[in-house]
Amino acid sequence: MPELPEVETIRQGLRGQILGATIRDVELTGCRIFQTPAELLLERLPQQQLVEIDRRGKFLIVRLNRDRLVIHLGMTGQLTVWYPERPDSEGFLRHPVTGLQRVRQHSADKHTHLQLHFEDGRSLLFRDPRKFGKCHLLEKESELTALLAHLGMEPLSDEYTLPAFLNGLKGRKTSIKALLLNQRVVAGVGNIYADEALFQASIHPSRRANRLRRYEKERLFQAIRLALEKGVTYGGTTLRDYVNSDGREGGNQDELLVYGRTEQPCPRCGVRIEKIVVAQRGTHFCPSCQPRSRPNPNVAVLSQNVAY
DNA sequence: CGTTGATCCTGGGCGC
DNA sequence: TGCGCCCAGGATCAAC
């Protein structure tokens, strides 16, 4: 589940590795992930140079000298740079206990849908076993704007402000978790970081967005940014498939407070973490720190002080 | 406006 | 060892 921190980690890695590279030729599979006809990709991509790599929410935007290649990694997407002088790993090795991938580099396999071969001998490989990813080639900037038009604020940018966040929650009767997942208020938050941010803010994931107290919304506003920044700092969260542009797993899985920690003690109070379903997603929370009911105004000031 | 359920897809985990 | 079954889930869409 590449979310903002994973996509940002990949972006930073790719910038350091392949900025300025020129595409020599292209290989691709006839897969649903392509939102642009294969003939167009094969016709337009060769000879283009990688000028910049941007990110918007969970979308990666590879800026070429003429076009824009937009990639969404879906759930299991991997974007790695393949080096000719580097030995390929054997298959996809997994850590015997954690199940984490221990792969540095692998050559293209049946799940590799796009290969950009560069003039210098290296390649950029887009692999996605579950095929929930998307790949667009856009010739006009206006097409890019339209594609990303539904996205809310970038939580790690200056446009992420408390007034805008409060405004995004206003009148929304949906659960706060569903609101965070839907990308329209804040872009880039997925299942993992939603649970982490809600825990940090001591808010039950099922609470109605417009029923949160003002101080809870403020805490959540901060917690979202902190959870995502932490994810970037640790190089993303590898639960199973995520690897960075160098084929390596992230480190944030060891830092998670509640996600995937069902039955384990809450890091704050020791009560066992529960797993429920909210907004059709597995949801982890502490039943003690994140009570289902709206907090009483009389204890609001108290809990505010405890939480931060 | 809002929610629910289906859809896409495959590897992994589990029970037998 | 192997088979069948079920599940995970980001985004979108139909139905109500």
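A quick note: this is a predicted structure, and the numbers were derived from the prediction, not measured.

**Quick word on the protein's contact with DNA strand C**
Close to DNA strand C lie 13 residues; His 72, Met 75, Arg 130, Tyr 259 and Arg 281 are nearest. Backbone atoms, meaning sugar and phosphate, form 46% of the atoms of DNA strand C found within 4 Å of the protein. Side-chain polar atom of Arg 130 to a base nitrogen of DNA strand C: 2.7 Å apart, as the coordinates give it. Side-chain polar atom of Arg 281 to a base nitrogen of DNA strand C: 2.6 Å apart, as the coordinates give it. Split by residue class, the surface near DNA strand C holds 5 nonpolar, 5 polar and 3 charged.

**What to know about helix α4 (residues 162–169)**
Residues of α4 that are buried include every one of Phe 165, Leu 166, Gly 168 and Leu 169, and no others. All buried residues of α4 lie within an arc of 160° about the axis, which places them on one face of the element. One or two steps after α4, the chain reaches Gly 171, where phi turns positive at roughly 75°.

**Quick look at the packing of aromatic side chains**
This structure, assessed with the given rule, holds 3 aromatic pairs. Ring geometry for Tyr 160 and Phe 165: centres 6.2 Å apart, planes at 70°, overall edge-to-face. Taken as a pair, Tyr 160 and Phe 165 share a single burial class, namely buried. Each ring, one from Tyr 160 and one from Phe 221, has its centre 4.3 Å from the other, and the planes form 20°; the classification is stacked. Linking Tyr 160 in the loop between α3 (141–147) and α4 with Phe 221 in helix α7 (residues 214–233), this pair joins segments that are 61 residues apart in sequence. Considered together, Tyr 160 and Phe 221 belong to a single accessibility category, that of buried residues. Ring pairing ties together the aromatic residues Tyr 160, Phe 165 and Phe 221, which thus form one cluster. In this structure, Arg 268 packs its charged tip against the face of Phe 199, placed 4.5 Å from the ring centre.

**Quick notes on the sheet that holds strand β7 (residues 123–127)**
Strand order in this open sheet of 4 strands is β1-β6-β7-β5, and the pairing throughout is antiparallel. At either margin of the open sheet sits one strand with a lone partner, and together these are β1 (23–28) and β5 (78–82). Geometrically, the sheet is characterised by an average inter-axis angle of 15° between neighbouring strands, direction not taken into account. When strand β6 (residues 112–118) meets β7, the two strands line up antiparallel, connected through 5 bridges. Looking across to β7, one finds that Leu 114 is bridged to Phe 126. In the packing of helix α1 (residues 4–18) onto the sheet, contacts are made with β5, β6 and β7, and the angle to β5 comes to roughly 20°.

**Description of the side chain of Asn 252**
With respect to the element layout, Asn 252 can be found in the loop between α7 and β9 (274–278). Residue Asn 252 is classed as buried on the basis of its relative accessible area, which comes to 2%. Among the polar contacts made by the side chain of Asn 252, one reaches the side chain of Tyr 193 at a distance of 3.5 Å. Ignoring any residue separated from it by four or fewer positions in sequence, one finds Asn 252 in contact with Tyr 193, Lys 230, Gly 231, Tyr 234, Gly 236 and Thr 237.

**Quick word on the confidence of the model for chain A**
With 91% of its residues at a pLDDT of 70 or more, chain A shows a mean pLDDT of 89. Counting contacts from residues 95–102, a segment whose pLDDT is below 50, to residues more than four positions away or on other chains yields 18 contacts. Below a pLDDT of 50 lies the segment residues 304–308, which in the model reaches 8 contacts outside its immediate sequence neighbourhood of four places, other chains included.

**Details of the sheet that holds strand β3 (residues 59–64)**
What the 4 strands build is an open sheet, ordered β2-β3-β4-β8; its pairing is antiparallel. Whereas interior strands pair on both sides, the edge strands pair on one side only; in this sheet they are β2 (50–56) and β8 (134–138). Between one strand and the next, the sheet's axes are offset by a mean angle of 15°, whatever the strand orientation. Pairing geometry for strand β4 (residues 68–72) and β8, over 5 bridges, is antiparallel.

**Observations concerning the pattern of salt bridges**
Working definition: two side chains of opposite charge can pair if their charged atoms are close together. The tally for this structure, following the rule as stated, stands at 18 salt bridges. Here Lys 177 makes a salt bridge to Asp 195, at a shortest N to O gap of 2.6 Å. Here Lys 177 is found in helix α5 (residues 176–181), whereas its partner Asp 195 is found in helix α6 (residues 191–200), with 18 residues between them in sequence. The pair Lys 177 / Asp 195 is uniform in exposure class, with both members buried. Residue Glu 218 is joined to Arg 214 by a salt bridge in which the shortest nitrogen-to-oxygen separation is 2.6 Å. Here Glu 218 pairs with Arg 214, and both are found in helix α7, just 4 residues apart, close to one helical turn. When its relative accessible area of 29% is taken as the criterion, Glu 218 is described as partly exposed. Within the structure, one salt-bridge network assembled from shared partners comprises Glu 8, Arg 11, Arg 55, Arg 56 and Glu 154.

Scoring rules and cut-offs
- Residues numbered from 1 in each chain as written.
- Chains lettered and ligands numbered in written order.
- Predicted model: local features only at pLDDT ≥ 70, side-chain atom pairs only at ≥ 80, totals over all residues.
- Heavy atoms only, no water.
- Near = heavy atom within 4 Å.
- Polar contact = N/O pair within 3.5 Å; in protein donor to acceptor, adjacent residues only side chain to side chain.
- Nonpolar A, V, L, I, M, F, W, Y, C, P; charged D, E, K, R; others polar.
- Buried < 20%, exposed > 50% of the residue type's maximum accessible area, 1.4 Å probe, protein only.
- Helix = DSSP H or I, 4+ residues; strand = E, 2+ residues; numbered from the N terminus.
- Arc of directions from axis to C-beta.
- Phe/Tyr/Trp six-rings, centres within 6.5 Å; stacked < 30°, edge-to-face > 60°.
- Lys NZ or Arg CZ within 6 Å of the ring centre and 35° of its normal.
- Pairing = 2+ DSSP bridges.
- Axes fitted to C-alpha atoms, helices over the stretch in contact; angles between N-to-C directions.
- Contact = heavy atoms within 4.5 Å.
- pLDDT = per-residue confidence, 0-100.
- Salt bridge = Lys/Arg side-chain N within 4 Å of Asp/Glu carboxyl O.

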